[in-house]
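Residue-level structural notes
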Amino acid sequence: MRNDRVGTYLKKEYTLALTNREVEGMFAKLIGRWFHGRTSTSYNNFIKALLLNDVEEMNEYMNRIALNSFSSFDTAKSASDDDAPERFYHGFVLGLMVELSGRFEITSNRESGFGRYDIMLTPADRAKDSAYIIEFKVHKPKREKSLWETVENALVQIDEKQYETQLTSQGFSSEQIKKYGFAFRGKECLIGDFRRRNV
C-alpha cells in the first residue's frame, strides 16, 4: 500500500490479487454475465470468429469495442505501473472468453515451456476444437515501427518460449494449436496469427 497526499486528501493505492481458483471462477462468471448483458450480439460474433479462426472479424470486433468502450485512463501507462495497460487488455479479452468455459479449459498466466503464456484454451473435445495460445503486447513506439511489428513480437515470444509444450505433452499436434498475437496501442488493436506473419 502506498499513501500519497493529493491536495488536502489522502489518496490510498492498493495492489490486489485473486486469492485462489474459486475466487477466479467467481469473477469469471461475474464478468461473463456483465459482458453477456451489455454486448450479447457482438460478443457472440467475437467467439464465433475465434472458433472459425476468422482473424479479420476478430480484428473488426476488437477495434469497434475498443473505440466505443475503452477509456484513455484504462489504457494509459503510469510511472509506477508500467504493465497496467497490458493487464487491462488481458483482463478484457479473458472476460470475453468466459462463455467458452465448459467447452474449453481456460487458463491464464501459467508456466509452459520457458515462460508464462497469457491465455491458453484447451478443448474438452480435441476432435471438434483446436487449442489456442494467445499472447498480448502493448505497442512500444521506441522499439516497434508498427502494430504489425508488435504482433510479430508476440508471435515470436510464443515460439521462442515454447508455450505449446504443455499442449504437446497432452498429445496435441502442431496443426491442432492456433497461436495468436494481440497488439494494442491505446484504443487500437491488431490481431495476427502464424498464417499472417510478415504480411
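Residues numbered from 1 in each chain as written. Predicted model: local features only at pLDDT ≥ 70, side-chain atom pairs only at ≥ 80, totals over all residues. Heavy atoms only, no water.

Assigned secondary structure in the chain consists of six helices and nine strands. With 199 residues in all, the chain has 38% of them scored as buried. Sequence separation of 24 or more characterises 58% of the internal contacts of the chain that already satisfy a separation of 6 or more. Surface summary for the chain: the accessible area is close to 11800 Å², and the carbon and sulfur share equals 51%. (Helix = DSSP H or I, 4+ residues; strand = E, 2+ residues; numbered from the N terminus. Buried < 20%, exposed > 50% of the residue type's maximum accessible area, 1.4 Å probe, protein only. Contact = heavy atoms within 4.5 Å. Areas by Shrake-Rupley, 256 points an atom, 1.4 Å probe, with all protein chains shown as cover.)

Turning our eyes to something else, we now look at the pattern of salt bridges. Going through the model one piece at a time under the given rule, you end up with six salt bridges. Of the charged contacts in the structure, one is a salt bridge between Lys 179 and Asp 159, with a shortest N-O distance of 3.4 Å. Here Lys 179 is found in strand E8 (residues 177-185), whereas its partner Asp 159 is found in helix H5 (residues 147-160), with 20 residues between them in sequence. The class of Lys 179 is buried, set by a relative accessible area of 15%. For Glu 164, the salt bridge identified is with Lys 179, shortest N-O distance 3.8 Å. In this pair, Glu 164 sits in the loop between H5 and helix H6 (165-169) while Lys 179 sits in strand E8, placing the two residues 15 residues apart along the sequence. Because the salt bridges share partners, they merge into one network encompassing Asp 159, Glu 164 and Lys 179. (Salt bridge = Lys/Arg side-chain N within 4 Å of Asp/Glu carboxyl O.)

The element strand E7 (residues 131-138) is largely enclosed, with a buried count of eight among its eight residues. Residue alternation in E7 divides its side chains into two sets, Ala 131, Ile 133, Glu 135 and Lys 137 and Tyr 132, Ile 134, Phe 136 and Val 138, and both sets are buried. Relative to E7, strand E6 (residues 119-123) is paired through three bridges, and the arrangement is antiparallel. Note on E7: the bridge partner recorded for Leu 121 is Tyr 132. Direction of pairing for E7 relative to E8: parallel, over a ladder of eight bridges. Pairing of Tyr 132 across the sheet is with Lys 178, part of E8. (Pairing = 2+ DSSP bridges.)

This next bit is on the confidence of the model for the chain. Confidence in the prediction of the chain, expressed as mean pLDDT, is 79, and 69% of residues score 70 or more. By mean pLDDT, helix H3 (residues 72-75) is the weakest element of the chain at 46, and E6 is the strongest at 96. Ignoring residues within four places in sequence, the model shows residues 38-42, a span with pLDDT below 50, making five contacts including any to other chains. (pLDDT = per-residue confidence, 0-100.)

In this section: the packing of aromatic side chains. According to the stated counting rule, one finds seven aromatic pairs in the structure shown. Taken together, Phe 104, Tyr 132 and Tyr 180 form an aromatic cluster joined through their ring pairs. (Phe/Tyr/Trp six-rings, centres within 6.5 Å; stacked < 30°, edge-to-face > 60°.)

The next point concerns the sheet that holds E7. With mixed pairing, the five strands of this open sheet are ordered in space as E3-E6-E7-E8-E9. Two strands close off the open sheet at either side, each with one partner strand: strand E3 (104-108) and strand E9 (188-193). Strand-to-strand twist across the sheet, computed as the mean angle between neighbouring axes with direction ignored, equals 15 degrees. Sitting on the sheet, H5 touches E7, E8 and E9, and the angle it makes with E8 is about 140 degrees. (Axes fitted to C-alpha atoms, helices over the stretch in contact; angles between N-to-C directions.)

In terms of nonpolar packing, the biggest core is built from 27 residues, with Met 62, Val 93, Tyr 180 and Phe 182 touching the most fellow members. Residue assignment for this core shows that the elements contributing at least two residues are helix H1 (21-51), helix H2 (55-69), helix H4 (84-97), E6, E7, E8 and E9. Counting residues in hydrophobic clusters, the runner-up holds 14 residues, among them Leu 147, Ile 158, Tyr 163 and Phe 172. (Core = buried A, V, L, I, M, F, W, Y, C linked by side-chain atoms within 4.5 Å.)

If you check the backbone angles, Asn 109 has positive phi at about 55 degrees while not being a glycine. Its place among the elements puts Asn 109 in the loop between E3 and strand E4 (111-112). The residue Gln 162 is not glycine, and still its phi comes out positive at about 55 degrees. Along the chain, the position of Gln 162 falls in the loop between H5 and H6.

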